[in-house]
Amino acid sequence: MKRFNKVYLEISNRCNLSCSFCPGTKRMPRTMGEGAFSLLLKKLRPWTDYLYFHLMGEPLCHPELEQFLTLAGQMGLKVILTTNGTLLARWQERLLAQPALHKVNISLHAFEANDLNIPFERYLDGCFAFGRAAQGKKLVVYRLWNEGGAQEKNEEILRTMQWYFPEPWVQERRGVRIGEKVYLEHGEKFDWPDLTAQDTGERVFCYGLRDQIGVLCDGTVVPCCLDHEGDIALGNLFEQELEEILVSPRAQAICQGFQQGTASEELCRRCGFARRKFG
């Protein structure tokens, strides 16, 4: 049986921010319940060891997040959260107490085009206090994926970061290590895939259906974590088994295309992230 390095599971598509770099979704607002989550856990467990609570939505807004982490841990899964960081101070103790929580990705570029409703300094303090408390316990990655975009506050971010995590910092493969199991990761701003975007050709590079799959909160299976509208709906995990979905002609065509560096899907030809390898 093929296994994936990661499976993205969207436990909710609701978010407390509206970031300029995020396309959001036109789908109906939805929050997954415990019964649905438990069913999907059983179906996904044979396929991966790492479950990412990510696609659209802010996982720290989910009212049953603690229970979901507990259930995932009982199934032997390691969970990775991606958060905008605004609620980390409120969640710090509960997250650090969760054995199943393996890693937290914090999108510091979430300040772009946002009214955070809290002072920026307090936002940064909440983000960095969490990382300092998590040192040696959880992996924490601070993301600044805004190169080529709005970077006017990066200097303040790095200055505050240095106060919480004094240098020297060490460049490693996964990024800059600023503390024990704590990293800073830089990245370029990219254009999310969108069917209304310009078709830039078939030549792409993607880990979709090879390294990862995504499951939206209504059970729709998509090839990767960037299909925010479910445009490439391969099937529904509430109604089918994953093996049946993955052997479908559409899924197989996507896999074969990616193996050759080409895109069989219109959406993939309009993905700025997939185009980066070929420039």
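Our structure is the block above this text.
It should be emphasised that the depicted structure is a prediction, and the values quoted were computed from it without experimental measurement. (Residues numbered from 1 in each chain as written. Predicted model: local features only at pLDDT ≥ 70, side-chain atom pairs only at ≥ 80, totals over all residues. Heavy atoms only, no water.)

## What to know about the overall build of the chain
Working step 1: Looking only at helices and strands, one finds eight helices and 11 strands in the chain.
Working step 2: Its C-alpha atoms give the chain a radius of gyration of 19 Å, within 12% of the compact-globule value 19 Å for 279 residues.
Working step 3: Within the span of the chain, comprising 279 residues, buried residues form 53% of the whole.
Working step 4: For the chain, the share of sequence-separated contacts (at least 6 apart) that also reach a separation of at least 24 residues comes to 71%.
Working step 5: With an accessible surface of roughly 13000 Å², the chain has 47% of that area assigned to carbon and sulfur atoms.
Working step 6: Side chains of the chain carry 34 positive and 35 negative charges; the gap between the two charge centres is 4 Å. (Helix = DSSP H or I, 4+ residues; strand = E, 2+ residues; numbered from the N terminus. Rg over C-alpha atoms; globule rule 2.2 N^0.38 Å. Buried < 20%, exposed > 50% of the residue type's maximum accessible area, 1.4 Å probe, protein only. Contact = heavy atoms within 4.5 Å. Areas by Shrake-Rupley, 256 points an atom, 1.4 Å probe, with all protein chains shown as cover. Lys, Arg positive; Asp, Glu negative; His and termini not counted. Charge placed at Lys NZ, Arg CZ, Asp CG, Glu CD.)

## Here's the deal with the pairing of strand β1 (residues 6-9)
Working step 1: Both faces of β1 are covered, namely the face carrying Lys6 and Tyr8 and the face carrying Val7 and Leu9.
Working step 2: As judged from the two bridges shared by β1 and strand β2 (residues 50-53), these two strands associate in the parallel manner. Bridged to Tyr8 within β2 is Tyr52. (Pairing = 2+ DSSP bridges.)

## Section: the nonpolar core
Working step 1: If you look at the biggest cluster of nonpolar residues, it comprises 71 residues, and the most contacted ones within it are Phe53, Leu95, Leu108, Tyr142 and Met161.
Working step 2: Ranked by residue count, the leading element in this core is helix α4 (residues 120-134), at seven residues. (Core = buried A, V, L, I, M, F, W, Y, C linked by side-chain atoms within 4.5 Å.)

## A word on the packing of α4 against helix α5 (residues 154-164)
Working step 1: Across the interface, α4 lies against α5 with an axial gap of 10 Å and an inter-helix angle of 40 degrees. On the basis of the axis angle, α4 is oblique to α5. Judged by the twist between their axes, the crossing of α4 over α5 is right-handed. Touching Phe120, Glu121, Leu124, Asp125, Phe128, Ala129 and Arg132 of α4 are Glu156, Ile157, Thr160, Met161, Trp163 and Tyr164, all from α5.
Working step 2: Grouping the amino acids of the contact of α4 with α5 by side-chain chemistry returns eight nonpolar, one polar and four charged. (Axes fitted to C-alpha atoms, helices over the stretch in contact; angles between N-to-C directions. Parallel < 35°, antiparallel > 145°, perpendicular 65-115°, else oblique. Left-handed = near helix turned anticlockwise from the far one by under 90°. Nonpolar A, V, L, I, M, F, W, Y, C, P; charged D, E, K, R; others polar.)

## Re the pattern of salt bridges
Working step 1: Applying the stated rule across the entire model yields 11 salt bridges.
Working step 2: Residue Glu241 pairs with Lys43 through a salt bridge whose shortest N-O separation is 3.7 Å. Residue Glu241 is located in the loop between β11 (235-236) and α6 (242-246), and its partner Lys43 is located in helix α1 (residues 34-44); the two are separated by 198 residues in the primary sequence.
Working step 3: Here Lys43 falls in the buried class, since its relative accessible area comes to 14%.
Working step 4: Via salt bridges that share partners, Arg3, Arg45 and Asp49 belong to a single interconnected network. (Salt bridge = Lys/Arg side-chain N within 4 Å of Asp/Glu carboxyl O.)

## Digging into the environment of Lys137
Working step 1: Relative to the helices and strands, Lys137 resides in the loop between α4 and β5 (139-147).
Working step 2: Spatially, the C-alpha atom of Lys137 lies 7.7 Å from that of Lys181, the residues being 44 residues apart in sequence.
Working step 3: At 3.5 Å, the side chain of Lys137 forms a polar contact with the backbone oxygen of Ala133. (Polar contact = N/O pair within 3.5 Å; in protein donor to acceptor, adjacent residues only side chain to side chain.)

## Some thoughts on α4
Side chains that are three or four residues apart share a direction in an α-helix, a result of its 3.6 residues per turn.
Working step 1: In a regular helix each residue adds 1.5 Å, so 15 residues correspond to 21 Å; α4 covers 21 Å between its end C-alpha atoms and thus fits that length.
Working step 2: Listed in full, the buried residues belonging to α4 are Phe120, Tyr123, Leu124, Gly126, Cys127, Phe128, Phe130, Gly131 and Ala134.
Working step 3: Two residues or fewer after α4 comes Gly136, characterised by a positive phi angle close to 80 degrees. (Expected span 1.5 Å × (residues − 1).)

## Description of the side chain of Asn13
Working step 1: Note that Asn13 resides in the loop between β1 and α1.
Working step 2: A distance of 3.0 Å separates a polar atom in the side chain of Asn13 from the backbone oxygen of Met28.
Working step 3: A polar contact of 2.7 Å, which involves the side chain of Asn13, links it to the backbone nitrogen of Arg30.

## Considerations on the side chain of His62
Working step 1: In this fold, His62 is placed in the loop between β2 and α2 (65-74).
Working step 2: Among the polar contacts listed, one links the side chain of His62 to the backbone nitrogen of Glu64, at a separation of 3.0 Å.
Working step 3: Residue contacts for His62: discarding those within four places in its chain leaves Ile11, Ser12, Thr31, Met32, Phe68 and Trp91.

## Side note on the packing of aromatic side chains
Each aromatic ring pair is specified by the distance between its two centres and by the angle formed by the two planes.
Working step 1: The full count for this structure, using the stated rule, is 11 aromatic pairs.
Working step 2: Here the aromatic rings of Phe128 and Tyr164 are separated by 5.9 Å at their centres, their planes lie at 45 degrees, and the arrangement is tilted. Of the two residues, Phe128 sits in helix α4 while Tyr164 sits in helix α5, which places them 36 residues apart along the sequence. Each member of the pair, Phe128 as well as Tyr164, carries the same accessibility label: buried.
Working step 3: Relative to Tyr207, the ring of Phe205 lies with its centre 4.9 Å away and its plane at 85 degrees, an arrangement referred to as edge-to-face.
Working step 4: For Phe205, a relative accessible area of 28% puts it in the partly exposed group. (Phe/Tyr/Trp six-rings, centres within 6.5 Å; stacked < 30°, edge-to-face > 60°.)

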